[in-house]
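Each chain is listed here by its residues.
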Amino acid sequence: MDFPKSCVLYLRSGKNTPDFLEIEMVLSDENIVHYRVPTMKLETYTRDSIFEKNLLMLLPFYIMRYEKDIHEMSENPEMFQSLLNAYEEIRINLERELSGADKTALYMNLNKLIIKIADYICRNEKTVRKGIGEIMGGKVLELESERLERLQKEAEAEAKAIGEARGRAIGEAKGRAIGEARGRAIGEAIGEERLSTLLNRLIMDGRSAEIQSVVTNTDIRKQLYKEYGILSE
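About the thresholds
Residues numbered from 1 in each chain as written. Predicted model: local features only at pLDDT ≥ 70, side-chain atom pairs only at ≥ 80, totals over all residues. Heavy atoms only, no water. Helix = DSSP H or I, 4+ residues; strand = E, 2+ residues; numbered from the N terminus. Buried < 20%, exposed > 50% of the residue type's maximum accessible area, 1.4 Å probe, protein only. Salt bridge = Lys/Arg side-chain N within 4 Å of Asp/Glu carboxyl O. Axes fitted to C-alpha atoms, helices over the stretch in contact; angles between N-to-C directions. Parallel < 35°, antiparallel > 145°, perpendicular 65-115°, else oblique. Left-handed = near helix turned anticlockwise from the far one by under 90°. Contact = heavy atoms within 4.5 Å. Nonpolar A, V, L, I, M, F, W, Y, C, P; charged D, E, K, R; others polar. Pairing = 2+ DSSP bridges. Polar contact = N/O pair within 3.5 Å; in protein donor to acceptor, adjacent residues only side chain to side chain. Expected span 1.5 Å × (residues − 1).

Points about the overall build of the protein
Scanning the protein from terminus to terminus reveals 8 helices and 3 strands. In the protein, the order of α-helices and β-strands from amino to carboxyl end is β-β-β-α-α-α-α-α-α-α-α. If you line up the protein on its principal axes, its C-alpha atoms span 125 × 65 × 30 Å. Within the protein, the proportion of its 233 residues that are buried is 26%.

Now the structure itself:
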């Protein structure tokens with residue numbers, strides 16, 4: 001059985017940070033095995049090595065290597081410019097590595113995370129925080145994310161409105177159709193009942209000879225309805 005190649009990443013490290021951590025594994029037969037796990041120290045990785053080894057996940061934490069010097073950088077123009085140059089290089093390399101259309105989301109997420117962690121580490125140094133944010137395109141990126149979120153919400157709202165409108169239209173059309181059908185059926189039933197009543201009255205009054213005219217002539221039928229007091233619609 002092959003064990004995975006595990007490691008432990010130290011974002012902060014010092015002279016007492018070990019090169020290995022040891023795990024004591026107690027097996028089912030009660031034998032004990034000591035498993036050594038190497039440690040990774042962020043400060044040992046330069047910008048170039050991060051990109052060479054494709055360890056882009058370390059970029060958001062790159063600011064931590066300057067953590068102790070942040071305040072001095074805010075007051076020292078040369079140190080501050082050196083930091084901005086480093087992040088300008090990071091941005092250019094990151095754009096080159098993630099230039100494909102299928103990698104746009106990863107680029108945006110990494111960029112946002114770089115800015116978010118830098119904002120936290122430099123939370124007491126507005127100048128440094130602002131400088132890194134502008135270099136990494138923080139303002140543009142924020143507006144882009146907001147735009148995408150807004151467009152998604154607008155699309156969902158539009159789809160919902162169209163669905164509701166279509167639903168109402170279909171419901172109204174069905175309602176009208178059902179109402180018209182019921183109206184016709186009721187009207188026909190009333191008409192048949194009224195005609196049947198008139199024919200019976202004519203037969204009872206010995207006026208059977210007029211039945212043909214009643215059936216074929218609407219005006220005569222209406223006159224006889226009035227004569228016998230059979231109300232029209």
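Thoughts on the pattern of salt bridges
What the rule picks out here adds up to 6 salt bridges. Here Lys41 ties to Asp19 by a salt bridge, and the two come within 2.8 Å at their closest N and O atoms. Of this pair, Lys41 sits in strand β3 (residues 32-41) while Asp19 sits in the loop between β1 (8-10) and β2 (20-26), placing them 22 residues apart in sequence. Of the charged contacts in the structure, one is a salt bridge between Glu88 and Arg91, with a shortest N-O distance of 2.4 Å. Here the residue Glu88 and the residue Arg91 both occupy positions in helix α3 (residues 77-97), the gap between them amounting to 3 residues, near one helical turn. Each of the salt bridges in this network shares a partner with another, and the network as a whole consists of Glu88, Arg91 and Glu95.

A word on the packing of α3 against helix α4 (residues 104-121)
Contact pair α3 / α4: the axes reach a minimum separation of 11 Å and the direction vectors enclose 165°. The angle between α3 and α4 falls in the class roughly antiparallel. α3 and α4 meet at a crossing whose hand is right-handed. Facing Tyr87, Ile90, Arg91, Leu94 and Glu95 of α3, the residues of α4 in contact are Tyr107, Leu110 and Ile114.

Some words on the packing of α3 against helix α5 (residues 126-135)
To describe two helices that pack against each other, one gives the angle between their axes and the distance between the axes. Relative orientation of the contacting elements α3 and α5 amounts to 25°, with a least axis distance of 9 Å. For the element pair α3 / α5, the angle class is roughly parallel. Helix-helix and strand crossings are classified by hand; for α3 and α5 the assignment is right-handed. Listed contacts from α5 to Phe80, Leu83, Leu84, Tyr87, Glu88 and Arg91 of α3 are Thr127, Val128, Gly131, Ile132 and Ile135. Among the residues forming the contact of α3 with α5, the class breakdown is 7 nonpolar, 2 polar and 2 charged.

Focus: the sheet that holds β3
Across the sheet, which stays open at both edges, the 3 strands sit in the order β1-β3-β2 with mixed pairing between neighbours. Two strands close off the open sheet at either side, each with one partner strand: β1 and β2. Averaged over all pairs of adjacent strands, the angle between their axes in this sheet comes to 30°, without regard to strand direction. Where β1 meets β3, 3 bridges bridge the pair, whose relative direction is parallel. Bridged to Tyr10 within β3 is Lys41.

Thoughts on the side chain of Arg207
When you line up the elements, Arg207 lands in the loop between α6 (138-204) and α7 (211-216). There is a polar contact of 2.8 Å between the side chain of Arg207 and the side chain of Glu227. Aside from chain neighbours lying at most four places away, what touches Arg207 is Leu202, Leu224, Glu227 and Tyr228.

Some points on α4
In this model α4 runs 26 Å from its N-terminal to its C-terminal C-alpha over 18 residues, within 8% of the 26 Å that 1.5 Å per residue would give. Those residues of α4 not exposed but buried are Tyr107, Met108, Leu110, Asn111, Ile114, Ile115, Ile117, Ala118 and Ile121.

Points about the pairing of β2
Pairing of β2 with β3, which is carried by 7 bridges, proceeds in the antiparallel orientation. By the bridge assignment, Leu21 is partnered in β3 with Val37. If you look at the hairpin formed by β2 and β3, you'll find 5 residues sitting between the two strands, and Glu30 has a positive phi there, around 75°.

Describing the environment of Gly133
By the secondary structure assignment, Gly133 is in helix α5. With relative accessibility at 12%, the residue Gly133 sits in the buried group. Residues Gly133 and Tyr87 lie 46 residues apart in sequence; the distance between their C-alpha atoms is 9.6 Å.

Geometric descriptors of this kind do not, in isolation, establish any biological role.
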